[in-house]
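Residue-level listing of the chains:
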Amino acid sequence: MHLPCVVQHILDSLFAFEDCLQRVKMQLLQILLVIEIVVFFGYGSSGILEDKCLLIGSINPTSLIIVKEFPKGPAGSFSNATCILAGTNTLIYSIASDPKKNVVFLAILDKIFIYHNFSIHRHTSKELLTQHTSKSAALGQIAFDFVSSNLYWCDSMLNWIAMKPAYKFSITNYKVIVQKDLLQPEGLALDPEDRLMFFSDNEPNARIAKSSLDGKNRVTIVYKGLSRVLTLTVDTAGDKLYWSDFSRETLESSNYDGLERKVIRRENHVAVSGLVYYQNMVHAVSFKAKRFYAVDKTTGSLIYAKEFSSRKPFAINAYDAKSQRYSYSK
């Protein structure tokens, strides 16, 4: 081989190797999160002690915002304590947690990731482990059953609801529990104490159903006046179901059987993408409005609100071991 050809061959090999390294680097960056500590300040704020917080998933950039305190009134303000950036801008669809094991689960595109050794006191970027890959990149909530340590998720493209042991990482070790007559499941909430699952199906006509945690005993509980129910949450002590209708821009509630349904809040241009019931309040985030707020669970009156300048929050959940009253079986 002539010398110029040898040199060219070496250069081509180096460029190919460098390109491969860049792709690997980008893949690693895609599973790094920004951890930002958001602390509310203002008159009469009530602190959350120990490892208790709200977790908000947002983009611009991809962030896990940890809300340790929130004010009692709408006039409260907050400032950011720490923000560590990573080179990614991927939407966090949904969040679930297992505080007793210091774990947070995140649904991002076609994967569910697991964040070990989570703490509200450590605020650095963290590499995530892939927990599950056999899902589509479509929207759908995830939920954790703290009694059996099972992880549940909706897949609105594959048209099913599935579950698996949360701490077994085999991609084949999962079970589809609801699929028949299911076309676009997106919202999902569990009551592990009563062994109940609530989920929305938004095609062809939106409805909310209830079943046991194995998918059996399925019954539709709300089916009129719905457009697109993107997120559900439950008050397990009061046996109340809350949901947001993304298209109608409403927050609504009912009993577990669908009775005593009411619209607790409607706000133009504030379509709620994430919802969680925590500490007797309904906390919500709006991706379109770049807003994070809480309302009274009965009257819908505003308790506090924050509008982000550039961040777009999409998902929210509570991280609080004391709210999980049953002991683990494992």
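This text follows the structure it describes.
Just so it is clear, the model here is predicted, and its values are computed rather than measured. (Residues numbered from 1 in each chain as written. Predicted model: local features only at pLDDT ≥ 70, side-chain atom pairs only at ≥ 80, totals over all residues. Heavy atoms only, no water.)

1. Observations regarding the pattern of salt bridges
Quick reminder of the rule: Salt bridges are defined as contacts in which a side-chain nitrogen from Lys or Arg sits within 4 Å of a carboxyl oxygen from Asp or Glu.
On inspection of all chains with the given rule, the structure shows nine salt bridges. Put simply, arginine 248 and glutamate 252 hold a salt bridge, and the shortest N to O gap is 2.7 Å. Its salt-bridge partner being glutamate 252, residue arginine 261 comes within 2.8 Å of it at the nearest N-O pair. Ionic contacts of the salt-bridge type, sharing partners, join the residues Arg248, Glu252 and Arg261 into one network.

2. Structural notes on the packing of aromatic side chains
Applicable threshold: Pairing of aromatic side chains here covers Phe, Tyr and the six-membered ring of Trp, requires ring centres within 6.5 Å, and sorts the geometry by plane angle: under 30 degrees stacked, over 60 edge-to-face, intermediate tilted. Helix and strand definitions here come from DSSP, where helices need a minimum of 4 consecutive H or I residues and strands a minimum of 2 consecutive E residues; each element is numbered from the N-terminal end. The rule is simple: take the accessible area with a 1.4 Å probe, protein chains only, and divide by the maximum for that residue type; under 20% is buried, over 50% is exposed, in between is partly exposed.
Inspection of the entire model under this criterion finds 10 aromatic pairs. A centroid spacing of 6.1 Å and a plane angle of 50° characterise the contact between phenylalanine 105 and tyrosine 167, whose relative ring orientation is tilted. Of this pair, phenylalanine 105 sits in strand E7 (residues 103-108) while tyrosine 167 sits in the loop between strand E13 (160-165) and strand E14 (175-178), and the two are 62 residues apart along the sequence. Judged by relative accessible area, tyrosine 167 falls into the partly exposed class, the value being 24%. With a centroid separation of 4.8 Å and an interplanar angle of 65°, the aromatic rings of phenylalanine 118 and tyrosine 319 are classed as edge-to-face. Here the residue phenylalanine 118 occupies a position in the loop between strand E8 (111-115) and strand E9 (126-127), and tyrosine 319 occupies one in strand E27 (residues 312-319), the gap between them amounting to 201 residues. Each member of the pair, phenylalanine 118 as well as tyrosine 319, carries the same accessibility label: buried. Through pairs of rings, three or more aromatic residues link up here, namely Phe105, Phe144 and Tyr167.

3. Describing unusual backbone geometry
Proline 204 follows glutamate 203 through a cis peptide bond whose omega is -10°. A positive phi angle, near 55°, is found at asparagine 117, a position not held by glycine. Looking at the secondary structure, you find asparagine 117 in the loop between E8 and E9. A relative accessible area of 51% places asparagine 117 in the exposed class. Of note, asparagine 217 is a non-glycine position whose phi angle comes to about 55°, a positive value. By the secondary structure assignment, asparagine 217 is in the loop between strand E17 (207-212) and strand E18 (219-222).

4. A look at the sheet that holds strand E16 (residues 196-201)
In any sheet, the strands associate via hydrogen bonds between backbone groups, in a parallel or an antiparallel arrangement. For clarity, the threshold we go by: Between any two strands, at least two bridges found by DSSP are needed for them to pair. Simply put, an axis is a line fit to the C-alpha atoms, just over the touching stretch for a helix, and the angle between two N-to-C directions goes from 0 to 180 degrees.
Overall, antiparallel pairing links the four strands, which are arranged E15-E16-E17-E18 in an open sheet. For this open sheet the edge positions go to strand E15 (185-191) and E18, each flanked by a neighbour on one side alone. Taken over all neighbouring pairs, the strand axes of this sheet differ in orientation by 30° on average, direction set aside. Bridge analysis of E17 against E18 gives three bridges, and the strand direction is antiparallel. Bridging across to E18, lysine 210 finds its partner in valine 219.

5. Some remarks on the nonpolar core
Rules: As used here, the term nonpolar core means buried Ala, Val, Leu, Ile, Met, Phe, Trp, Tyr and Cys residues forming a set that is joined through side-chain atoms within 4.5 Å.
In this structure, Phe105, Ile142, Phe144 and Trp153 are the most contacted members of the largest nonpolar core, which totals 22 residues. Elements with a contribution of two residues or more to this core: strand E6 (92-98), E7, E8, strand E11 (142-145), strand E12 (150-155) and E13.

6. Quick look at the sheet that holds strand E10 (residues 129-132)
One open sheet holds the four strands; their spatial order is E6-E7-E8-E10, and the pairing between them is antiparallel. In this open sheet, the two strands that pair with only one neighbour each are E6 and E10. Adjacent strand axes in the sheet meet at a mean angle of 30° when their direction is disregarded. Relative to E8, E7 is paired through five bridges, and the arrangement is antiparallel. What sits directly across from leucine 106, in E8, is phenylalanine 113.

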